[in-house]
2 protein chains.
Amino acid sequence: MTQGTQGKGATTSTLWDRTRQLAAQEILQTALRLFTQQGYDETTIAQIAREAGVSQRTLFRYFGTKEDLIGGSQERFVTLLTDTVRKQPVDVGAWEALRAAFKAALSLHASPEQALERFRLVHHTDSLRAAYLGKRVRCQEELLPLLEARLAPSGTDRRQVRAIVATAFACFDAATATWLEGNGQGDILDLYDQGLAAVRS
Amino acid sequence: MTQGTQGKGATTSTLWDRTRQLAAQEILQTALRLFTQQGYDETTIAQIAREAGVSQRTLFRYFGTKEDLIGGSQERFVTLLTDTVRKQPVDVGAWEALRAAFKAALSLHASPEQALERFRLVHHTDSLRAAYLGKRVRCQEELLPLLEARLAPSGTDRRQVRAIVATAFACFDAATATWLEGNGQGDILDLYDQGLAAVRS
DNA sequence: TGCCTGCATGGCAGAGACTGCCAAACCTCC
DNA sequence: GGAGGTTTGGCAGTCTCTGCCATGCAGGCA
């Protein structure tokens, strides 16, 4: 914000990008506020656009889909997940790498209260939950090759890696559901460990 | 159609039900044919209705959603799953019960070829896959109480059951994906066993 | 036979998400 | 200050899905 107007060649046209980003954030915040206030299905694109001060057409240029108005953060979620796995030392096993990724992803939320609110919204809205699950599956498939290399020496093949990744995510989902059921009591990662322990007993 | 006009009290109003069922099947077959021919997104409700010889309004009365035109069979899938688990002897563990349920569900498909085609359609269409996953989650939650009782004696609690059920479904999904990747080679249940073995090693 | 009730269907209008197209406004660079 | 590219808004249109009302068809009753 403060720079860029001066040393012109810094990163090319920053003021522009800044405005764009600001607008996107404004839209996102308006949408989330309305979603939590009156529910996802009860909030129309027209209303969000009106209250955010942009046209519907522009809103759809920023976020291609109504679901993306929540999924914006999910995009970061996926990126962080894959990045974290990629950054793990080579000798770290698949299970550990996945756990580290989940831990990193959970740290994205500003506060447990915000996480609880967001999770509740997604969990209780059919269309949102379906969209989330779809993205999750795509994320799993992105993770597949990264973890395949990590397990290759011990003779595990692709199909088994797929089962392992799917299981990790399943247990994470189960942990989230349990956490939600208890209104945010306890630690999600602890619940994840407990679930995985029950599975692998 | 041929009977029912006579012995009137057979099962009450069979002629109408028969007609209804026939119409539903006609619509379903038309839809599936068009979906596999030109893709799910490229097929409009208007086209299905036209080719099936009914109005759009009627079509939506039979199947509430476009996705239901595939999900009709999924409904049976869910019912069979829960029924099979319910029917398992009391001393059968959760893992075994779930495996039996998957086995039963797989037997619903008329042929491996048909299953392959159906799976491919769902797997490659984002909206369909999302809808499928949503139904799957709801199925998991229905199964939860049934399996909870089955594990109670060994001191397993609700949260762990949730992880176990989620894992079983995850491995089933992984098996399906692998099977699909191999163009239907091998047996899904075998793949499931292998995946679960890798997870629980 | 004529009327009346119950159900299934069809057609119509409309909401809501989403897209393509065109013109106006804008910033940036010269 | 003007040229050129980018962003925005508005409009019309598609597609799924819903509510409403009229029509048609079967059976029950006088």
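Note that this is a predicted model, so its numbers are computed, not measured.

### Examining the pattern of salt bridges
Residues and elements named next belong to chain B.
Part 1 of the argument: One pass over the full model with this rule turns up 20 salt bridges over all chains.
Part 2 of the argument: In this structure, Lys135 and Asp68 form a salt bridge, with 3.8 Å as the shortest nitrogen-oxygen distance. Here Asp68 lies in helix H4 (residues 68-87) and Lys135 lies in helix H7 (residues 126-151), a separation of 67 residues in the sequence.
Part 3 of the argument: Given the relative accessible area of 18%, Lys135 is considered buried.

### Some words on the protein's contact with DNA strand C
Part 1 of the argument: Close to DNA strand C lie 17 residues; Trp16(A), Arg57(A), Lys66(A), Thr58(B) and Tyr62(B) are nearest.
Part 2 of the argument: Residue Arg57(A) places a side-chain N or O atom 2.7 Å away from a base oxygen belonging to DNA strand C.
Part 3 of the argument: Listed by contribution, the elements that provide at least two residues to the surface near DNA strand C are helix H3 (56-62) of chain A together with helix H1 (14-38) and helix H3 (56-62) of chain B.
Part 4 of the argument: Here the surface near DNA strand C takes 4 residues from H3(B), the largest share from any one element.
Part 5 of the argument: Taken together, the residues that form the surface near DNA strand C break down as 6 nonpolar, 6 polar and 5 charged.

### What to know about the relation of the copies chain B and chain A
Part 1 of the argument: Superposition record for chain B on chain A: RMSD 0.1 Å, screw rotation 180 degrees, translation along axis 0.0 Å. The superposition operator between the copies reduces to a two-fold rotation axis.
Part 2 of the argument: The share of interface residues of chain B whose copies in chain A are also at the interface is 100%, consistent with both copies meeting through the same surface.

What counts as what
For every chain, the first residue of the written sequence is number 1, and numbering continues from 1 onward in sequence order. Throughout, the order in which chains and ligands are written sets their labels, letters from A for the former and numbers from 1 for the latter. Note on the predicted model: pLDDT of at least 70 is required for a residue's local features to be given, and 80 or more for side-chain atom pairs to be given and counted; whole-chain, interface and lining totals, by contrast, use all residues. Remark: hydrogens and water are excluded; side-chain values derive from all non-hydrogen atoms of the structure. Salt bridges are counted wherever a side-chain nitrogen of Lys or Arg sits within 4 Å of a carboxyl oxygen of Asp or Glu. Secondary structure elements follow DSSP: runs of H or I no shorter than four residues count as helices, runs of E no shorter than two count as strands, and numbering proceeds from the N terminus. Partly exposed describes any residue whose relative accessible area lies between the buried limit of under 20% and the exposed limit of over 50%, with all areas from a 1.4 Å probe on protein chains only and scaled to the type maximum. Summary of the distance rule: residues count as near a molecule or strand when at least one heavy atom falls within 4 Å of that molecule or strand. Two N or O atoms count as a polar contact when they lie within 3.5 Å, although within protein this holds only if one can serve as hydrogen donor and the other as acceptor, and sequence-adjacent residues are included solely when both atoms are side-chain atoms. Classification used: nonpolar for Ala, Val, Leu, Ile, Met, Phe, Trp, Tyr, Cys and Pro, charged for Asp, Glu, Lys and Arg, polar for all others including Gly. Superposing copies: least-squares fit, C-alpha atoms only, residues required to have pLDDT of at least 70 in both. Contacts between residues were defined by any pair of non-hydrogen atoms, one from each residue, lying within 4.5 Å.

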